Amino acid sequence: MAGQVLIIGSGIGGLTAGIILAQLKHPVTVVERNPRPGGLMRSYRRSGIDCPVGVHYLGALDRGQILRRLWDAIGVTPLIPLERMGAEGVIDRYIFDDFEFNLPSGIDPFEENLRRTFPEEQCQITMIMADLREISRSLSTFDFLLSPALSDLFPERFASMGERLSNLGCSIRLASLLGVPAGLIGVPLRECPVYYYYITLASYLMSSWRLVDSGTAMAEAFVSQLQSLGGNIVAGDGVAAIQVEAGHVKGAVLSSGRILPADVVIAAVHPETVLSMLPDDMVRPSYRERVGQLENTKGLLGVNAVVAADLHRPLPYNVYRLYTEADGSLTRGIFHQLRESGQPGMNLLSMITTSDIEEWRPWEKTMSGRRGEDYKEAKEKRAHWMIEEAAELFGIRDINLLDVYSPLTIRDGVNSPGGSAYGIMRTTKQLMKVASLNRVPVKGLFLAGQNRLASGIMGTMLGSFQAVRQMIGHEKFIREVAVRLI
Ligand SMILES: Cc1cc2nc3c(=O)[nH]c(=O)nc-3n(C[C@H](O)[C@H](O)[C@H](O)COP(=O)(O)OP(=O)(O)OC[C@H]3O[C@@H](n4cnc5c(N)ncnc54)[C@H](O)[C@@H]3O)c2cc1C
């Protein structure tokens, strides 16, 4: 197949798939409903400062590490200015009510720190580290992409991480601490599959990075790489319907009425959105039902604020303030990142916490920019709580609010159902159902984006490679795509 490929959505999922296929000489068009491509990769500007949305930090970007190899394979590495985190040996500081833990860079230092902090739990730590090392090795060899037999599907890898820790007899404190990485993919620890848990933790331990400025460089790198390979982007005109004839895709109709013919369509958007674009009779009711029943990850509330640069230096690590129940399960976490803002005299403090769409029901039927004063007040009230907590945590005076975004902002910004941050929740219960969605009942239609395989920048990119593998077949994938990864 070297036919016309149409990709729906220009987030990292859509653009990655587009670049790989353009490298294989397919004519590619990426369609984006927003005026500017990039999805969650794209920052927004307030008072001359670029505020990040979906990229705060990235793991495994050192030479030879997994995300770096993905970036190298599609040729974007030199285009994205990065700085390494952990200059003082710490990438994340976890602050609980009664103890703190510094997450260091590197799997060995992590083990040492765990052993020092939990001297009574040496056996448990030995088991946990063995699992972490084994899964991080299999991730680094791209096993699940390169082996035709999907060798990663050992059932124990999809058991619950929470249960695993409780079977090991971990203390409440150790379990709380180890619960944090599950939150990074929006899944509670007790429902988080062991495999997803460890790949998330391993990727950041391998090495952690952030963009040198939180501006548009990353989105532009993916866009320019696609265009330099001959790919085309149609922005500001979303896909309204996927055209299907005799069970095979034949193109898409855009909101403007424009028709774009295609032999293959890759939908790098939420599966619910994909279903809304397909003719009713094309999809079995059971498939629709499955998609409708799947639970999505929660939304996020994000606050961007400025502090005086001469009083508060940027921190080379992130700070998580964490709150737990009596049984150790995490009830709330607030992520903080304090970094240069790109404007003289000011540093940027970004904070994120989970936020249920229920909190925002009164404005559910309104659109971004037209929600009214009461919505603004509700957002700012929450932002000020977070600012007060941060002021106490860091001893920072004068934190000035720049902007607040809610799950509704994310919903309208990137068309994510219910403002879900990471798409469908990959819990132990839902995992197999989510995987089965990738067998779409329409020929020539493939799913990509964060719902394909895993969320996050690395997970979404891996999903795009997997979608391309499904499209071109394993043999050709190994011959023409995997060679760039190895
Ligand atoms: C607040 C926040 C912080 C995060 N921080 C991090 C982080 O620090 N590190 C990390 O690794 N991950 C992070 N993530 C997760 C990461 O950003 C996502 O997993 C990833 O960007 C998802 O990429 P995607 O391509 O699947 O989706 P998106 O980036 O959402 O792209 C989907 C695109 O499709 C477009 N679209 C939707 N419907 C249509 C249509 N009908 N027609 C045309 N286009 C359409 C949307 O407008 C959008 O541009 C964060 C996420 C959020 C929400």
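Residues numbered from 1 in each chain as written. Predicted model: local features only at pLDDT ≥ 70, side-chain atom pairs only at ≥ 80, totals over all residues. Heavy atoms only, no water.

1. Focus: the packing of helix H15 (residues 456-472) against helix H16 (residues 474-485)
No. 1: Relative orientation of the contacting elements H15 and H16 amounts to 145 degrees, with a least axis distance of 8 Å. Our pair here, H15 against H16, has a crossing hand that is right-handed. Facing Phe465, Val468, Arg469 and Ile472 of H15, the residues of H16 in contact are His474, Lys476, Phe477, Val481 and Leu485.
No. 2: Counted by class, the contact of H15 with H16 contains six nonpolar, one polar and two charged residues. (Axes fitted to C-alpha atoms, helices over the stretch in contact; angles between N-to-C directions. Helix = DSSP H or I, 4+ residues; strand = E, 2+ residues; numbered from the N terminus. Left-handed = near helix turned anticlockwise from the far one by under 90°. Contact = heavy atoms within 4.5 Å. Nonpolar A, V, L, I, M, F, W, Y, C, P; charged D, E, K, R; others polar.)

2. Here's the deal with the side chain of Asp131
No. 1: Mapping Asp131 onto the fold places it in helix H4 (residues 122-140).
No. 2: Excluding anything up to four places from it in sequence, Asp131 contacts Arg164 and Tyr198.

3. With respect to the sheet that holds strand S20 (residues 445-447)
No. 1: Pairing within the open sheet is parallel, and its five strands lie in the order S10-S2-S1-S14-S20. Edge positions in the sheet fall to strand S10 (232-235) and S20, since each of these pairs with one other strand and no more. The sheet shows a mean angle of 20 degrees between the axes of neighbouring strands, taken without regard to direction.
No. 2: When strand S14 (residues 264-267) meets S20, the two strands line up parallel, connected through three bridges. Counted as the bridge partner of Val265 is Leu445 from S20.
No. 3: Across the sheet, helix H9 (residues 217-228) is in contact with strand S2 (28-32) and S10; its angle to S10 comes to roughly 130 degrees. (Pairing = 2+ DSSP bridges.)

4. Concerning the environment of Pro261
No. 1: Checked against the element boundaries, Pro261 lands in strand S13 (residues 259-261).
No. 2: Note on Pro261: relative accessible area 58%, which makes it exposed.
No. 3: A sequence separation of 19 residues divides Pro261 from Ile242, and the C-alpha atoms of the two residues are 9.8 Å apart.
No. 4: Excluding residues that lie within four positions of it along the chain, Pro261 makes contacts with Gln4, Lys250 and Gly251. (Buried < 20%, exposed > 50% of the residue type's maximum accessible area, 1.4 Å probe, protein only.)

5. Comments concerning helix H13 (residues 407-414)
No. 1: Those residues of H13 not exposed but buried are Pro407, Leu408, Ile410, Arg411 and Asp412.
No. 2: Buried positions along H13 lie against strand S15 (299-308), strand S18 (346-355), helix H12 (373-394) and strand S19 (400-405).

6. Topic: the pattern of salt bridges
No. 1: Per the counting criterion, the structure on display carries 25 salt bridges.
No. 2: Arg84 is paired through a salt bridge with Asp62; the nearest N and O atoms lie 2.8 Å apart. Residue Arg84 is located in strand S6 (residues 82-84), and its partner Asp62 is located in the loop between strand S5 (58-59) and helix H2 (66-74); the two are separated by 22 residues in the primary sequence.
No. 3: With relative accessibility at 25%, the residue Asp62 sits in the partly exposed group.
No. 4: Residue Glu480 is joined to Arg479 by a salt bridge in which the shortest nitrogen-to-oxygen separation is 3.9 Å.
No. 5: Assessed through its relative accessible area of 30%, Glu480 is described here as partly exposed.
No. 6: A network of salt bridges, in which partner residues are shared, links Asp108, Glu111, Arg115 and Arg133. (Salt bridge = Lys/Arg side-chain N within 4 Å of Asp/Glu carboxyl O.)

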